Amino acid sequence: LSQTPIPFEQAIRALTNNLLSQVQVDKGELLGMLSKTTIVLDPFVDATSGEVVKVSRRIEELILEEGHKNFSQFTLNRVTSDNLRNAEYVMSGTINFSNYEVADSTKNDKYYRVSSSVFHKKTGKIIANAKIWLAEKELDYTPVPAYKDSPVYLKDRRIDSLVTTT
């Protein structure tokens, strides 16, 4: 994956291909011999607040689109209780606006970084991990309605664990 910030759509597609290629390696020779492997996609959250923001939905759309296009051996779905029950893997991720040191500059600049991991549901083992920097400095960081309507949303241990994992 690119270590320099790249355009949003290109970045998310590269992240998806990297992660799903790692899942392919984990599945090894069994891939294609069994029925499709199900991966559920947890909403990507802001690494600082734990909120699901609107850009998260666009990230999910691109991951689903890229996965369906290039990895037909996987069934990718957004997480629901039914989908989670039938899934072998779970993909989750965070979005973080943080310092990025530009190689040809003496100053630090901030960019969005998307980090994601895929873990095996039964074992809890992380089998894929990737991060990528986004060139865009303006993303729709408005919380989705469920978070926007809450007066206070506290970041909990699950979010802290997710940030550490991704």
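A short tour of the structure in this document, coming up. Owing to the predicted nature of the structure, the values given are computational and were not obtained by experimental measurement.

Conventions we followed
- Residues numbered from 1 in each chain as written.
- Predicted model: local features only at pLDDT ≥ 70, side-chain atom pairs only at ≥ 80, totals over all residues.
- Heavy atoms only, no water.
- Phe/Tyr/Trp six-rings, centres within 6.5 Å; stacked < 30°, edge-to-face > 60°.
- Buried < 20%, exposed > 50% of the residue type's maximum accessible area, 1.4 Å probe, protein only.
- Helix = DSSP H or I, 4+ residues; strand = E, 2+ residues; numbered from the N terminus.
- Lys NZ or Arg CZ within 6 Å of the ring centre and 35° of its normal.
- Axes fitted to C-alpha atoms, helices over the stretch in contact; angles between N-to-C directions.
- Parallel < 35°, antiparallel > 145°, perpendicular 65-115°, else oblique.
- Left-handed = near helix turned anticlockwise from the far one by under 90°.
- Contact = heavy atoms within 4.5 Å.
- Nonpolar A, V, L, I, M, F, W, Y, C, P; charged D, E, K, R; others polar.

**Observations regarding the packing of aromatic side chains**
In step 1: Under the definition given, this model contains 5 aromatic pairs.
In step 2: Aromatic side chains Phe 71 and Phe 74 sit 6.1 Å apart centroid to centroid with 25 degrees between the ring planes, which places their arrangement in the stacked category.
In step 3: Overall, the relative accessible area of 4% leaves Phe 71 in the buried class.
In step 4: For the ring pair Tyr 112 and Tyr 141, a centre distance of 5.2 Å and an interplane angle of 40 degrees mean the geometry is tilted. Of this pair, Tyr 112 sits in strand β5 (residues 108-120) while Tyr 141 sits in the loop between β6 (126-134) and α4 (145-148); the two residues are 29 residues apart in sequence, bridging distant segments of the chain.
In step 5: Note on Tyr 141: relative accessible area 24%, which makes it partly exposed.
In step 6: Clustering of aromatic rings is evident, with ring pairs tying together Phe 97, Tyr 112 and Tyr 141.
In step 7: Directly above the ring of Tyr 111 sits Lys 137, whose terminal nitrogen or CZ lies 4.3 Å from the centroid.

**Quick look at the packing of helix α1 (residues 8-27) against helix α2 (residues 54-70)**
In step 1: Between α1 and α2, the shortest axis-to-axis distance is 9 Å and the interhelical angle comes to 55 degrees. As far as their axial angle goes, α2 and α1 are oblique. The hand of the α1/α2 crossing is right-handed. Every residue of α2 that contacts α1 at Phe 8, Glu 9, Ile 12, Arg 13, Thr 16, Asn 17 and Leu 20 is listed here: Val 55, Arg 58, Ile 59, Leu 62, Ile 63, Glu 65, Glu 66, Gly 67 and Asn 70.
In step 2: Residues of the contact of α1 with α2, tallied by class, amount to 7 nonpolar, 4 polar and 5 charged.

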